[in-house]
Amino acid sequence: MSSKIEELMQKDFWIIDILPLQVPKDSRGQYFAIEEYYLNQKQFPAIKQKQINLVLKLNCYRDMFIDGEEIVNPSPEHIADVMRTKYANIVIGETLICSEPDDIHMTLYNPDVEMLRLIRKMTIGEGLYLWKPAK
């Protein structure tokens, strides 16, 4: 992993998720059973597509690259394929988005004020949520 990625992962982070808030540790609900349900049902490809849509829309406003690759602004098809098939560190300026092919959330590190504003609007449009984890 590049030193830039490691550095960004030490910064403040946010979660882009299907849930509007972090589930408390003492929740009486069944978070893990629900997460497993979403991962193993027909809804998961739709959730992953929402994540891909968000990243592609961000690329309309800012340059991006996928860590480990040379190309700035890879094709939309390539970005989508990577997000569906492997762990991806997507770098947008000084912001990092971590996407896993089999997860219902993404992690957003070090967004500047403008990036945060933009992502907030885009998550709403995709039916996703942006929240900051409790410390």
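Structure: see above.
Per-chain numbering applies: the sequence of each chain, read as written, is numbered from 1 onward. Note on the predicted model: pLDDT of at least 70 is required for a residue's local features to be given, and 80 or more for side-chain atom pairs to be given and counted; whole-chain, interface and lining totals, by contrast, use all residues. For the side-chain quantities, the full set of heavy atoms in the structure was used; hydrogens and water were omitted.

Student: Explanation requested: the layout of surface pockets in the structure shown.
Tutor: Any empty space left between the atoms is revealed when a probe the size of a water molecule rolls over them. Taken as a whole, the largest pocket encloses approximately 390 Å³ of empty space. With a 1 Å grid spanning the protein atoms alone, the term cavity applies to any set of points in which a 1.4 Å probe fits but cannot get out, the term pocket to an open set with protein on both sides within 12 Å along at least five of seven lines, and the term lining residue to any residue with an atom within 4 Å of a point. Along the wall of the largest pocket there are 20 residues; nearest its centre are Gln22, Val23, Pro24, Tyr31 and Trp131. The leading source of residues in the lining of the largest pocket is helix H2 (residues 31-40), at 3 residues. Amino acids are sorted into nonpolar (Ala, Val, Leu, Ile, Met, Phe, Trp, Tyr, Cys and Pro), charged (Asp, Glu, Lys and Arg) and polar (every other residue, Gly among them). Considering only residue class, the lining of the largest pocket consists of 11 nonpolar, 4 polar and 5 charged. Grid points are joined across faces, edges and corners, and a volume is the space filled by probe spheres set on the points. For helices the rule is a DSSP run of H or I covering at least 4 residues; for strands it is a run of E covering at least 2, with both sets numbered from the N terminus onward.

Student: What's the story with the pattern of salt bridges in this structure? I'm lost.
Tutor: Two side chains bearing opposite charge may form a pair once their charged atoms approach each other closely. Any carboxyl oxygen of Asp or Glu within 4 Å of a side-chain nitrogen of Lys or Arg constitutes a salt bridge here. Taken as a whole and judged by the stated rule, the model has 4 salt bridges. Ionic pairing is found between Glu94 and Lys4, a salt bridge with its closest N-O pair at 3.3 Å. With a gap of 90 residues between them, Glu94 in the loop between strand S3 (88-92) and strand S4 (95-99) and Lys4 in helix H1 (residues 3-8) connect regions that are remote in the sequence. Glu94 gets classed as partly exposed once you look at its relative accessible area, which sits at 47%. The shortest N-O distance in the salt bridge between Arg117 and Glu114 comes to 2.3 Å. On the criterion of helical spacing, the pair formed by Arg117 and Glu114 is a turn pair, its members being 3 residues apart in helix H5 (residues 113-126). What makes Arg117 partly exposed here is its relative accessible area of 38%. Summary of the burial criterion: residues with accessible area below 20% of their type's maximum are buried, those above 50% are exposed, and those between are partly exposed, where the area comes from a 1.4 Å probe applied to protein chains only. With a relative accessible area of 38%, Glu114 lands in the partly exposed category.

Student: Got a minute to help me understand the pairing of strand S1 (residues 13-17) in this structure?
Tutor: The side chains of a regular strand alternate, first on one face of the sheet and then on the other. Burial within S1 is extensive, with 4 of its 5 residues counted as buried. Taken together, the 4 bridges between S1 and strand S5 (residues 106-109) define a ladder with antiparallel strand orientation. Directly across from Trp14, in S5, lies its bridge partner Leu108. What makes two strands pair is DSSP finding at least two bridges between them. Bridging between S1 and strand S6 (residues 129-131) involves 3 bridges; their strand directions are antiparallel. Its bridge partner lying in S6, Ile15 is registered against Trp131.

Student: Where do I start with the sheet that holds S6 in this structure?
Tutor: Hydrogen bonding along the main chain pairs the strands of a sheet, whether they run parallel or antiparallel. Spatially, 6 strands are ordered S2-S3-S4-S5-S1-S6 in an open sheet, and the strand pairing comes out antiparallel. Bordering the open sheet on either side are strand S2 (65-66) and S6, each of which pairs with just one other strand. Relative to S4, S3 runs antiparallel, the two sharing 5 bridges. Across the sheet, residue Asn89 finds its bridge partner in S4, namely Cys98.

Student: Even after reading the chapter, I still don't get helix H3 (residues 43-59), so can you show me in this structure?
Tutor: Every α-helix carries 3.6 residues per turn, so stepping three or four residues along brings you back to the same face. Expected span of a helix: the number of residues minus one, times 1.5 Å. Counted at 1.5 Å a residue, the expected span for H3 with its 17 residues is 24 Å, and the 25 Å between its end C-alpha atoms agrees. Of the residues making up H3, those classed as buried are Phe44, Ile47, Lys48, Gln51, Ile52, Leu54, Val55, Leu58 and Asn59. Projected down its long axis, H3 carries its buried residues within an arc of 155°, all on one side. Here, the arc refers to the directions that run from the helix axis to the C-beta atoms.

Student: Any chance you could explain the environment of Ile47 here in plain terms?
Tutor: With respect to the element layout, Ile47 can be found in helix H3. Look at Ile47 and you get buried, because its relative accessible area is 6%. Considered as a pair, Ile47 and Ile18 are 29 residues apart in the sequence and their alpha carbons are 7.8 Å apart. Here, residues are in contact when the closest pair of their heavy atoms is within 4.5 Å. Not counting residues within four places of it along the chain, the set of residues in contact with Ile47 comprises Ile18, Tyr38 and Ile104.

Nothing here speaks to function; it is geometry throughout.
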